[in-house]
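# Structural description and commentary
Each chain, letter by letter, is given below.
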Amino acid sequence: MADIAFSFDRSATSPQLLVTRRGVTEVVPPLWLREHSRDPGQLDLVSDQRLFDPHQLPLDLAFTEGRIDDDGVWVAFSDGHAELFLVDDLIEAIEPDDGCPAPISWRSDLGLPPRHDWRQLDRPVALERALHDLLAYGTIVVHDTPCTEGTVLEVAATFGRVRDTNFGLLFDVRSVPDSNDLAYRPIPLGPHTDNPYRDPVPGIQLLHCLVNETSGGLSTLVDAIAVTDQLRAEDPEGFQLLVEVPVRFHFRDAESAFDSYQPVVIVDHEGSVTGLHYSPRLDHLPLMSPERTIAYHRARRRLGELLADPAFEIRFPLAAGEVAVFSNDRVLHGRTGFDPAEGHRHLQGCYIDHDEPRSRYRVLRRTPAATADTDAPEELA
Ligand SMILES: O=C(O)CCC(=O)C(=O)O
């Protein structure tokens, strides 16, 4: 159990509820506690949705009585409501557990993304492991999928719901002269986030190799968390600029005209880096002072150097039948160039949103069948 204790301070006119965690004591405001009511008259316990309007609570709401019980904290509020708040519910409200694995940052010594066998992913335990690795490392490779067009949609549907974009539900990556995106030429592609001009940016990308008869076209992946840890350690001010400055990303072709303003480094509500909007082909800085512009360029250039540093990159041939699944912003992807004269190279890709694999992982974790099936073989022959 988390190191959290509750007590009452009765020195004022109305009792004050205090919570102490990791040696720090804070006041629990009556308004906050009141709206976390789990009383069946206040909360629909099936949907977990509130039955009352929190906007109607009086701003001067106070506790009239309160005591610490074995099971939790009992309080009476000045609006007449009284309730026993269970300790576990209070802890969950104060420090909600995301229920998903924390990110594990990695460098080149990861070698390859964790590999998962497509032929087993209909088993809940195998799917739960694959989702775990996808959420922790930001990437997996699904192997032994059929080398048939459209299979990537089936693999994607195992992890989430396919997102339609201006490239369609599914896009083909092969060399096409004068195509509307450089990904469709045989040139090398440095690490980047796809479609940073979309709002929201596609969450997770899948690339399915149908054929690669060339000696090039190796897949490259870099973990944005590892790279930005390094950048922040070297240049904290520059790192902060990349977090703060909204950059214009735009894309134009015959059918689309997208514009979006996003910082290059994405942080969550706790300030932890979750990914990057990084595409130096597509970003446009706002007009800033010369000093700020130089500082920004210095930080972004260093970010680019770190992203290109072999110490951070994994590089591997994606074989026919393999699907690289990766977070489009956490794990930047690229590829080495290839010579179309050597043979065919054809990948199919699609996107899913970030939140669905997280939801599926949580649902599998709370379903006993997902953990019961642990004796089944890890790999098929
Ligand atoms: O060709 C590849 O392996 C990757 C293509 C790519 O980076 C993209 O479609 O964004």
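The paragraphs below set out a description of the structure included in this document.

Calculation rules
Residues numbered from 1 in each chain as written. Predicted model: local features only at pLDDT ≥ 70, side-chain atom pairs only at ≥ 80, totals over all residues. Heavy atoms only, no water. Helix = DSSP H or I, 4+ residues; strand = E, 2+ residues; numbered from the N terminus. Buried < 20%, exposed > 50% of the residue type's maximum accessible area, 1.4 Å probe, protein only. Contact = heavy atoms within 4.5 Å. Areas by Shrake-Rupley, 256 points an atom, 1.4 Å probe, with all protein chains shown as cover. Lys, Arg positive; Asp, Glu negative; His and termini not counted. Charge placed at Lys NZ, Arg CZ, Asp CG, Glu CD. Core = buried A, V, L, I, M, F, W, Y, C linked by side-chain atoms within 4.5 Å. Polar contact = N/O pair within 3.5 Å; in protein donor to acceptor, adjacent residues only side chain to side chain.

Glancing now at the overall build of the protein chain. Per the secondary structure count, the protein chain includes nine helices and 24 strands. Taking the principal axes of the C-alpha coordinates as reference, the protein chain spans close to 85 × 60 × 40 Å. Burial status across the protein chain gives 47% buried among its 381 residues. Long-range contacts, defined as pairs at least 24 residues apart, comprise 73% of the intrachain contacts of the protein chain with a sequence gap of at least 6. Per element, the accessible surface of the protein chain, about 18,800 Å² overall, is 52% carbon and sulfur. The centroid of the 35 positive side-chain charges in the protein chain is displaced by 4 Å from the centroid of its 63 negative side-chain charges.

Right, let's get into the nonpolar core. Residues Val264, Val265, Leu276, Tyr296, Leu303 and Leu307 are the most contacted members of the largest nonpolar core, which totals 47 residues. Per element, the largest residue contribution to this core is five residues, and it comes from helix 7 (residues 290–308). Excluding anything up to four places from it in sequence, Tyr296 contacts Leu241, Leu242, Val245, Val247, Val264, Leu285 and Met288. Listed in part, the 23 residues of the second largest apolar core include Ala130, Ile140, Val152 and Tyr361.

Here we come to the environment of Ser359. Among the structural elements, Ser359 can be located in helix 8 (residues 355–365). Ser359 sits 40 residues away from Ala319 along the chain, and the two C-alpha atoms are 30 Å apart.

With that settled, the discussion passes to the side chain of Thr139. Within the fold, Thr139 resides in strand 10 (residues 139–143). Polar contacts involving the side chain of Thr139 include one to the main-chain carbonyl oxygen of Val325, which spans 3.0 Å. Other than its neighbours up to four places away in sequence, Thr139 contacts Trp106, Pro113, Pro114, Asp133, Leu134, Leu221, Val325 and Phe326.

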